[in-house]
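# Geometric and topological summary
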Amino acid sequence: MAEEGTLTSAGHTDVREPISEDHPTCRLRDILDRVGDKWSVLVMDLLGSGPKRYSELQRSVDGISQRMLTLTLRSLERDGLVDRTVTPTSPPRVDYTLTEVGQTLSGQVRALIQWADDHREYVARSRLRYDAT
């Protein structure tokens, strides 16, 4: 006997061709993967209040490794959301700031973080209820 929600016979078996990288959905998903990544969201939120040095970002993002911060910043820079400025001092000073386009995303990132903070306890209780069943 099948459990509730389990299909007992073959259903729809039409297999579609994979979506090409040029398909609009794939390109959109690629951007959402970047801006929705947990580290990117936190870094962009910090940069929303103004330029930051690498060390400031690393101290402010709890749990991020040096490697992950570097990869995140490079990806955001590659996507045109963050600018990197090197000042030739000894040692060199590196500052990061949101680009003009990055600034247009800053408000939405802040709103997402605020929503997560406002609903953190609700989600935790919901998870406990769900896991208890």
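See above for the structure.
Our subject in this report is the structure included herewith. Model, not experiment: these values are computed from the prediction.

Looking now at the nonpolar core. Formed by 20 residues in total, the largest nonpolar core has its most connected members in V43, L47, L69, L73 and Y96. Counting residues per element, the ones that place at least two in this core are α2 (38-47), α3 (54-60), α4 (66-78), β3 (93-98) and α5 (100-132). Here this core takes five residues from α2, the largest share from any one element. Other than its neighbours up to four places away in sequence, L69 contacts V43, Y54, L57, Q58 and I64.

This next bit is on α4. Here α4 is 13 residues long and its end C-alpha atoms lie 18 Å apart, about the 18 Å a rise of 1.5 Å per residue gives. Within α4, the full set of buried residues consists of L69, T72, L73 and L76. Projected down its long axis, α4 shows its buried positions confined to an angular sector of 95°, all on one face. Opposite the packed face of α4, turned more than 90 degrees from it, sit the exposed residues R67, R74 and R78. A positive backbone phi angle near 80° is found at G80, which sits one or two residues after α4.

What the three strands build is an open sheet, ordered β1-β3-β2; its pairing is antiparallel. Every other strand in the sheet has two partners, leaving β1 (52-53) and β2 (82-87) as the edge strands with one partner each. In this sheet, β3 lies alongside β1 in antiparallel orientation, the contact comprising two bridges. Counterpart to R53 in the pairing with β3 is D95.

Conventions we followed
Going along each chain's sequence as written, the residues are numbered from 1 onward. The predicted nature of this model means local features are confined to residues of pLDDT at least 70 and side-chain atom pairs, given and counted, to a pLDDT of 80 or more, with totals for whole chains, interfaces and linings taken over all residues. Computation of side-chain values covers all heavy atoms of the structure but excludes hydrogens and water. Within this scheme, the nonpolar core is defined by two criteria: the residues are buried Ala, Val, Leu, Ile, Met, Phe, Trp, Tyr or Cys, and they are joined through side-chain atoms within 4.5 Å. Note on classification: 1.4 Å probe, protein chains only; a residue is buried when its accessible area is under 20% of the maximum for its type, exposed when over 50%, partly exposed between these limits. Going along the chain from the N terminus, every DSSP run of H or I of four or more residues is numbered as a helix, and every run of E of two or more is numbered as a strand. For this analysis, residues touch if any pair of their heavy atoms sits within 4.5 Å. A helix is expected to reach a length of 1.5 Å times the quantity of its residues less one. Directions drawn from the helix axis to the C-beta atoms are what define this arc. Pairing between strands is defined by DSSP: at least two bridges between the two strands are required.

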